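# A look at the structure
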Amino acid sequence: MKKTIYLLVMLTVIISSCQKKNTIRLGELDLSKIEQGWNTVHINTNLSDSTLSVNGMKYAEGICTHAISEIEIILNKNTTRFTALVGVDDKVAKVNGGSIVFIVKTDGKEVFNSGIMRSNESAKAIDIYLKGVQKIILITSDGGDGTHHDHGNWLEAKFEYTGAIKPSVYYYGGEDKFILTPKVSEIPRINGAKITAARPGNPFLFRVPVTGLKPITVTAENLPSGLVLNEKTGIISGKVSKAGAYIVKLKAKNSKGECIRNLKIVIGNKLALTPPMGWNSWNVWGLSINEDRVKAAADYLESTGLADHGWTYINIDDGWEADARDANGILTYNSKFKDMQKMADYIHSKGLKFGIYTSPGELTCGKFLGSFNYEENDARTWAAWGVDYLKYDWCSYGEKAKNQSLAEYQKPYITMNNALKNVNRDIVYSMCQYGMGNVWKWGSEVGGHLWRTTGDITDTWLSLWSIGFDQQDTLAKYAAPGAWNDPDMLVVGKLGWSNNIRDSRLTTNEQYSHITLWSLLSAPLLIGCDLTQMDEFTLNLLSNDEVIEVNQDVLGKQASPIYTSGDIKILMKELEDGSKAVGLFNLGRDTINVNFDLKLAGFGNKVKLHDVWRQSDKGIYESVYTTRIPRHGCEFLRITKPE
Ligand code: GAL
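Every chain is numbered on its own, with residues counted from 1 as its sequence reads. Per-residue local features are limited, in this predicted model, to residues with pLDDT of at least 70; the limit for side-chain atom pairs, both in listing and counting, is 80 or more; totals at the level of whole chains, interfaces and linings are taken over all residues. In computing side-chain values, all of the structure's heavy atoms are included and hydrogens and water are not.

### Observations concerning the overall build of the chain
Helical segments are the DSSP runs of H or I of at least four residues, strand segments are the runs of E of at least two, and each set is numbered from the N terminus. In terms of regular secondary structure, the chain is built from 10 helices and 40 strands. Based on C-alpha atoms, the radius of gyration is set beside the globule rule, defined as 2.2 Å times the residue count to the power 0.38. The globule rule puts the C-alpha radius of gyration for 643 residues at 26 Å, and the 28 Å found for the chain is close to it. Dimensions of the chain along its principal axes, counting C-alpha atoms only, are 110 × 65 × 40 Å. Long-range contacts, defined here as pairs at least 24 residues apart, represent 72% of the contacts in the chain between residues at least 6 apart. The averaged location of the 72 negative side-chain charges in the chain is 3 Å from the averaged location of its 72 positive side-chain charges. The contact criterion used throughout is that any non-hydrogen atoms of two residues lie within 4.5 Å. Only four residue types enter the tally: Lys and Arg on the positive side, Asp and Glu on the negative side; His and the chain ends are excluded. We put the charge of a Lys on NZ, of an Arg on CZ, of an Asp on CG and of a Glu on CD.

Here is the structure:
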């Protein structure tokens, strides 16, 4: 008996010592690889390396992050409590305040939501009992308005736990790459846009995108007078003086067969009747762009076959400009470029088009010379070089604008539009000012063919989610042929914004979601990677003609959400042939079943489903289509009414 009592006492001592309460601070966990909107997580300092501070109160301990960030922590069911104070760091008080919603989720359920917090607001306390909880997620969100100056502090944040296993940060391991795009047929197929436009009397250039076994001969019936087609290269060029809509019957033929398709050429005052498709230097090379890299991009757009799927523009972003204008106020290029006009000719010789970048301010964002007060000069220079596309980036123009009124937002864009209209060349006008003043409502009025709707994208899921899913929801009604909402350039393939390039950090499923979403949104498609180093996966991601077809559809509609619940989001886009393109997305971290109510497509209860990525019919479905979708993945369907 005595022995039993002794054993019981010993057991109690052991158990209670095992359950001794331990404490670990959030800043003691491994936060080194947390993805966030800007900079990296700072421990015990703010993002400027000064003392953490909220509404004048200094804190010696805590972490500072930048929206959007999510810290997922595994608790092993032995963590008992999480406490913290949250608030916007005082660093941003004098800038424009920032706005953050701090959210805590435990095992998928939201257990804390701070509401929108701004600077000059005292920290809010969090105290959560965690018994039995497996995982906790600490979210610093942008409050739905983009991530400008959202420096968010988690102060004195700590976990109490029992036993030996400490809470630890979870980092997702990624997925193997898998290819969905079927192999291209040897029989000719004409791809890409079915409509193109030019202004009367201006140079016209169009490369018929056609896949199949080479050599392929392309012929055309009903070409408007002034245009010629090179049957070997499939490049149509010339000038059409008479306005009108011309239906040209194209035929591509090789030893395996032929393909016939109409191309509508609209000669009038519109351009970019389908979203521009091409390559831009920024996401890969940043300011280290040079002539060899631009030419290599043109070469590879052709040799990889991307041009045969409709990819056309080769656009230089920031970093090409000389340090000063000449005595006549003419801006030229810096020593990284040998001859801009010859380079443009080289690009045009392939039937591709050439784009350039600058700012309405005195300086671009990369501190190169901008066009302020030289708009007419610069438009003439670009026309002489053979520029086909201009990205006009607000950057330092903020110093010139008198206030934040609509008139001031519009002014520099109107000035450049007038300058572009005065040259005898069609220059697609891409407005980049991050969505200020709801640019989607007036971008077209001031001459823009596309306008960035948000800040810069980066290659993380949170950036993709915020820009692509969260901030586009209400913009569909502003998109139309020649007027596109631009959620920024693609972040697949090898990227780097510098000389140091590396693989996109998006997982395989995230990359499929990215391309699917941009296709549905009728977003301009500008590849942002090194084309000379594309792996098979990236090339296939960008070469799926059915995915591109949805993006390039001539109706020019942008998809809108038709269903949102928890982690599921379903977007739908109407297409010219009466069918609907639908993206089923899983925005969550775990694989889930998605039950798609087929009535939402508007064809009644019974529909025909086609898998866009796999380019194959799925068959006829009734009432509900159920599918399993992995973390951050999607399914891309085209839906028709059965005959
Ligand atoms: C940013 C713009 C980027 C890139 C960069 C160049 O303002 O959003 O896309 O053009 O400037 O400095």
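Here the narrative resumes.
### Considerations on the packing of helix H7 (residues 461–470) against helix H8 (residues 508–520)
Each pair of packed helices can be described by the angle between their axes along with the distance between the axes. For helices, the axis comes from a line fit to the C-alpha atoms of the stretch in contact; other axes are also lines fit to C-alpha atoms, and the angle between any two N-to-C directions lies between 0 and 180 degrees. The contact between H7 and H8 brings their axes to 11 Å, and the two run at 20°. When the axes of H7 and H8 are compared, the pair comes out roughly parallel. In this structure, the crossing between H7 and H8 has a hand that is left-handed. Seen from H7, the contacting residues are Trp461, Leu464, Ile467, Gly468 and Phe469; seen from H8, they are Glu510, Ser513, His514, Leu517 and Trp518. Under the scheme applied, nonpolar residues are Ala, Val, Leu, Ile, Met, Phe, Trp, Tyr, Cys and Pro; charged residues are Asp, Glu, Lys and Arg; polar residues are all the others, including Gly. The class makeup of the residues in the contact of H7 with H8 is six nonpolar, three polar and one charged. Angular relationships are summarised with four words: roughly parallel below 35 degrees, roughly antiparallel beyond 145, roughly perpendicular across 65 to 115, and oblique for the angles in between. The sense of a crossing depends on the near helix, which, turned anticlockwise from the far helix by less than a right angle, makes the crossing left-handed and, turned clockwise, makes it right-handed.

### A short note on the packing of helix H3 (residues 291–303) against helix H4 (residues 340–349)
At a minimum axis separation of 10 Å, H3 and H4 run at an interaxial angle of 10°. Of the possible angle classes, the one that applies to H3 and H4 is roughly parallel. Along its contact with H3, which presents Glu291, Val294, Lys295, Ala298 and Asp299, the element H4 presents Met343, Tyr346 and Ile347. Considered class by class, the residues forming the contact of H3 with H4 number five nonpolar, no polar and three charged.

### A short note on the packing of aromatic side chains
When we look at a pair of aromatic rings, we describe it by the centre distance and by the angle of the planes. Centres within 6.5 Å make a pair out of two Phe, Tyr or Trp rings, where for Trp the six-membered ring is used; the pair is then stacked when the planes are under 30 degrees apart, edge-to-face when over 60, and tilted otherwise. All told, the structure shown has 17 aromatic pairs when counted by the stated rule. Ring centres of Tyr392 and Tyr413 lie 5.6 Å apart, and the angle between their planes is 85°; this geometry places the pair in the edge-to-face category. Of this pair, Tyr392 sits in strand S26 (residues 389–393) while Tyr413 sits in helix H6 (residues 406–421), and the two are 21 residues apart along the sequence. Each member of the pair, Tyr392 as well as Tyr413, is classed as buried. With a centroid separation of 6.5 Å and 40° between ring planes, the pair formed by Tyr413 and Tyr429 is classed as tilted. Taken together, the residues Tyr413 in helix H6 and Tyr429 in strand S27 (residues 428–432) connect sequence positions 16 residues apart. By the burial criterion, Tyr413 is buried, and Tyr429 matches it. When the NZ atom of lysine or the CZ atom of arginine is within 6 Å of a ring's centre and also within 35 degrees of its normal, the charge is said to sit over that ring. In this structure, Lys33 is placed above the aromatic ring of Tyr171, and the distance from its NZ or CZ to the ring centre is 4.7 Å. Partly exposed describes any residue whose relative accessible area lies between the buried limit of under 20% and the exposed limit of over 50%, with all areas from a 1.4 Å probe on protein chains only and scaled to the type maximum.

### What to know about the side chain of Ser53
Topologically, Ser53 is positioned in strand S3 (residues 52–54). Pairs of N or O atoms within 3.5 Å make up the polar contacts considered here, provided that, within protein, one atom can donate a hydrogen while the other can accept it, and that residues adjacent in sequence are counted only when both atoms are side-chain atoms. A polar contact is formed between the side chain of Ser53 and the side chain of Asp90, at a distance of 2.5 Å.

### Focus on the site of the ligand
Near residues are defined by distance, with any heavy atom within 4 Å of the molecule or strand qualifying the residue. Neighbouring residues of the ligand: Trp282, Asp317, Asp318, Tyr357, Cys365, Gly366, Lys391, Asp393, Cys432, Tyr434, Arg452 and Asp456. Here an oxygen atom of the ligand sits 3.1 Å away from a polar atom, N or O, in the side chain of Arg452. Here an oxygen atom of the ligand and a side-chain polar atom of Asp456 are 2.5 Å apart. We get accessible surface area from the Shrake-Rupley algorithm with a probe of 1.4 Å; when it comes to residues, only the shown protein chains can shield them. Contact with the protein chains covers 95% of the free accessible surface of the ligand, which is 310 Å². Its residues placed into classes, the shell around the ligand shows five nonpolar, one polar and six charged.

### Notes on the sheet that holds strand S24 (residues 313–315)
Strand order across the open sheet formed by eight strands is S29-S28-S27-S26-S25-S24-S23-S32, with parallel pairing between neighbours. Only two strands of the sheet have a single partner each, and these edge strands are strand S29 (484–486) and strand S32 (525–527). Each adjacent strand pair in this sheet contributes to an overall mean axis angle of 25°, direction not counted. In short, DSSP must find at least two bridges between two strands for them to pair. Pairing of strand S23 (residues 277–280) with S24, which is carried by three bridges, proceeds in the parallel orientation. Paired with Asn280 across the two strands is Asn315, which belongs to S24. Against the sheet, H4 touches S24 and strand S25 (353–358), its axis set at about 140° to S25.

### As for H4
Met340, Met343, Ala344, Ile347 and His348 are the residues of H4 that are buried. Projected down its long axis, H4 shows its buried positions confined to an angular sector of 140°, all on one face. More than 90 degrees from the buried face of H4, the exposed residues found are Lys342 and Ser349. The opening residue of H4 is Asp339, an N-cap whose side-chain oxygen sits 3.0 Å from the backbone nitrogen of Gln341. Looking at the residues trailing H4, positive phi occurs at Gly351, about 80°. Arc definition: it is the arc formed by the directions from the helix axis to the C-beta atoms.

### Examining the pairing of strand S16 (residues 203–207)
In terms of residue burial, S16 counts as a mostly covered element, since four of its five residues are buried. Where S16 meets strand S20 (residues 235–239), five bridges bridge the pair, whose relative direction is antiparallel. Within S20, the residue paired with Phe204 across the bridge is Gly238.

### Concerning the state of the cysteines
To count as a disulfide, a pair of cysteine sulfur atoms needs to be within 2.5 Å. Under the definition given, this model contains one disulfide. Covalently, Cys365 is tied to Cys395 through a disulfide, its sulfur atoms 2.0 Å apart. Given an S-S torsion of about -95°, the disulfide between Cys365 and Cys395 has left-handed geometry. Of this pair, Cys365 sits in the loop between S25 and helix H5 (375–385) while Cys395 sits in the loop between S26 and H6, and the two are 30 residues apart along the sequence. Using a relative accessible area of 43% as the deciding quantity, one classes Cys365 as partly exposed. With relative accessibility at 16%, the residue Cys395 sits in the buried group. Left unpaired, Cys432 is separated from the closest cysteine sulfur, that of Cys395, by 6.8 Å. The class of Cys432 is buried, set by a relative accessible area of 1%.

### Some points on the pairing of strand S37 (residues 606–611)
The side chains of a regular strand alternate between the sheet's two faces. Examined bridge by bridge, S37 and strand S38 (residues 616–622) share six bridges and lie antiparallel to one another. When the sheet's bridge partners are listed, Leu609 is paired in S38 with Gly619.

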